[in-house]
Every structure is written in C-alpha cells, then in structure tokens.
Amino acid sequence: MKIRSGNTEADILQRGAYLYSFSVNGKDIILRGNLYKPTRGGMAILIPYANRVKGGEYEFDGIKYSLPKNKEGNAIHGLVLDKVFNVKERKEDEVTLEYLLSHDGYPTTLRCVVTYKVLDKGLSVTISVKNEGEKRAPLTVGAHPYFIVADDWRIITNSKVKQCVMKDHIPTGELVETEIEHKEYDDCFLVEGEVQLISSYSSILIRRENMPFLQIYTGVKGALAIEPMSGAPDAYHNGLGLKIINPREEIAFSFSFEIQ
C-alpha cells in the first residue's frame with residue numbers, strides 16, 4: 001500500500017510491516033525490497049530481537065527458550081519478518097499496522113504496532129510494543145533499511161562513537177571508542193545523536209529516539225544498511241541496550257530519515 005505527501009512516496013507491505021520502497025521526486029532512496037530475502041533490500045522490521053541471538057537459545061527468569069536458527073546456528077532478525085500485520089489505520093500520508101506476536105521461543109505475547117508517516121522529503125517510523133501477557137520478557141527492536149549510495153559514501157556523527165567488539169559476528173559486551181570509516185562492515189556501534197549519510201547520490205539525515213545502536217552492513221552492492229536498534233545484537237546475552245518489558249507495559253521507539 002502506498003502513502004505519499006507531495007513528491008515523497010513510500011510503499012509498505014502488510015507482510016512484516018515491510019518498507020518495500022521509498023522515493024523522493026521519483027528517485028529511489030531505499031533499495032527496492034526483496035520479497036524472497038527481505039533483509040537484503042527495502043527495510044525489514046525486527047521484533048523482539050534485532051539481528052543475532054547467539055546459538056538461537058537464551059535463558060530468562062530461569063526458563064530456557066529456543067528460537068529459529070539460521071545456517072550459522074544463530075537466531076537472526078526477529079520473529080515478524082513473515083507475519084501479516086493488520087492495517088489499523090490508514091491516511092493518505094500515514095499508515096499504522098498491528099500484529100499480536102506469540103511464539104514458543106518467547107516468554108510473553110507482544111502487541112506490535114508500526115506507524116509509517118511520509119514527511120516533506122522524509123519518512124518517520126514509530127514502533128510501539130506492548131506486553132499483553134503475564135510474564136516479563138527481554139526486548140530489543142530494530143529496522144533494516146538499505147540506503148542507495150555511490151562509492152564515495154561517508155558517515156558523519158555529531159558525538160563520540162563506540163564500536164562493539166565482535167567475535168563471529170556476535171558482540172562480546174565490550175565497547176571501544178572508534179570512528180566510522182569508509183570500509184566494509186557488518187558491525188554494531190553505539191552512537192548518540194544525529195547521523196548523516198552522504199554520497200554523491202544523496203544526503204540523508206537520520207534521527208532516532210530510544211534506538212541508540214546502529215548496525216552497519218556493506219554486503220549489498222550499491223547500498224549501505226544503517227540499522228537503528230534499541231540494543232545490540234545478542235543483547236539477550238550481553239545486555240547491551242536490553243530492555244525488560246513488564247506485563248501491560250508499552251515501550252515506543254522511533255526514527256526518521258530526512259533527504260537534504
């Protein structure tokens with residue numbers, strides 16, 4: 001379904017509350033979606049964990065849980081990628097989708113609400129998660145957008161950057177100060193404040209609320225994934241940014257892209 005404001009347009013799918021395309025003045029800003037591999041294009045929504053959970057297993061409040069595993073033996077990208085969201089509300093420039101998530105590998109039931117709103121040369125996204133069950137649970141959320149870039153891309157931040165020390169793509173829990181350079185990444189960073197992605201293709205200002213972590217991935221040619229996340233990969237084990245959501249509690253996360 002398409003939402004638009006002036007010459008800014010977004011196409012959102014109910015399956016996964018997935019951003020299939022986003023354009024300004026007819027120019028694609030996001031790499032068009034991949035329906036067969038949604039985390040290789042477009043923008044996937046990641047709930048209730050963002051990126052990897054080591055070994056696909058974790059223990060919470062004395063109970064062991066198992067999650068679906070990928071080929072490398074980890075859980076990855078949450079539990080809603082293939083779930084069909086209901087349209088809760090729709091306007092010309094805005095749409096809200098909702099899904100009630102229940103899974104044997106997760107302690108509780110979550111009401112997941114995603115709102116997309118097209119702005120003047122931009123897009124805002126709000127992810128609201130409410131615990132509808134009787135148990136508390138661990139939570140991280142994220143989004144997986146692929147921005148189209150030229151080869152001269154660079155990332156500018158207005159605050160100090162800390163990088164997660166990784167072992168086999170899994171953060172160890174240690175953070176070190178660093179700078180984001182022009183090189184290959186599949187890495188997680190803690191970055192406060194605004195982030196700007198600049199190349200000769202476009203200039204994009206990224207703002208985030210309650211999502212201080214960024215996963216940067218360079219593995220798709222012609223695009224750069226800059227993924228806002230509330231916590232680091234494997235936060236269920238390392239605790240980086242992990243939130244505990246209590247029964248009846250609701251937590252909101254948001255981010256926006258502004259094309260400059």
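Because the structure is a prediction, the values reported are computed rather than measured. Throughout this document, residue positions are counted from 1 along each chain, in the order its sequence is written. Local features are withheld for residues below a pLDDT of 70 in this predicted model, meaning they are given only at 70 or higher, and side-chain atom pairs are given and counted only at 80 or more; totals for whole chains, interfaces and linings count all residues. As a rule here, side-chain values come from all non-hydrogen atoms in the structure, and water together with hydrogens is ignored.

## Side note on the pattern of salt bridges
Criterion for a salt bridge: a side-chain nitrogen of Lys or Arg within 4 Å of a carboxyl oxygen of Asp or Glu. Under the defined criterion, the tally for this structure stands at 17 salt bridges. With a closest N to O distance of 2.5 Å, Glu72 and Arg52 form a salt bridge. With Glu72 in the loop between strand 7 (63–66) and strand 8 (86–90) and Arg52 in the loop between strand 5 (43–46) and strand 6 (57–60), this pair connects stretches of sequence that are 20 residues apart. Between Arg248 and Glu134 there is a salt bridge, and its shortest N-O distance comes to 2.9 Å. With a gap of 114 residues between them, Arg248 in the loop between strand 22 (243–245) and strand 23 (250–259) and Glu134 in the loop between strand 11 (122–131) and strand 12 (137–139) connect regions that are remote in the sequence. Any residue under 20% of the maximum accessible area for its type is buried, any over 50% is exposed, and the rest in between are partly exposed; the area is computed with a 1.4 Å probe on protein chains only. Residue Glu134 is classed as exposed on the basis of its relative accessible area, which comes to 65%. Put simply, DSSP H or I for four residues or longer makes a helix, DSSP E for two residues or longer makes a strand, and each gets a number counted from the N terminus.

## So, the environment of Met43
Relative to the helices and strands, Met43 resides in strand 5. Sequence separation between Met43 and Leu19 is 24 residues, and the spatial gap between their C-alpha atoms is 4.9 Å. Not counting residues up to four positions away in its chain, the partners in contact with Met43 are Tyr18, Leu19, Tyr116, Val125, Ala143, His144, Pro145, Phe255 and Phe257. We call two residues contacting when some pair of their heavy atoms lies within 4.5 Å.

## Focus: the layout of surface pockets
A 1.4 Å probe that fits into a set of points on a 1 Å grid over the protein atoms alone but cannot get out defines a cavity; an open set with protein on both sides within 12 Å along at least five of seven lines defines a pocket, and lining residues are those with an atom within 4 Å of a point. Grid points are joined across faces, edges and corners, and a volume is the space filled by probe spheres set on the points. Here the largest pocket defines a volume of roughly 590 Å³. Surrounding the largest pocket, 26 residues form its lining, Thr39, Asn70, Ile76, His77 and Leu81 being those nearest its centre. Of all the elements in the fold, those that place two or more residues in the lining of the largest pocket are strand 13 (142–148) and strand 20 (213–217). When residues are grouped by polarity, Ala, Val, Leu, Ile, Met, Phe, Trp, Tyr, Cys and Pro land in nonpolar, Asp, Glu, Lys and Arg in charged, and all others, Gly among them, in polar. Among the residues making up the lining of the largest pocket, the classes are represented as 9 nonpolar, 8 polar and 9 charged. Looking at the second largest pocket, its volume works out to about 210 Å³. Lining the second largest pocket are 13 residues, and of these Asp151, Trp153, Thr218, Gly222 and Ala223 lie nearest its centre.

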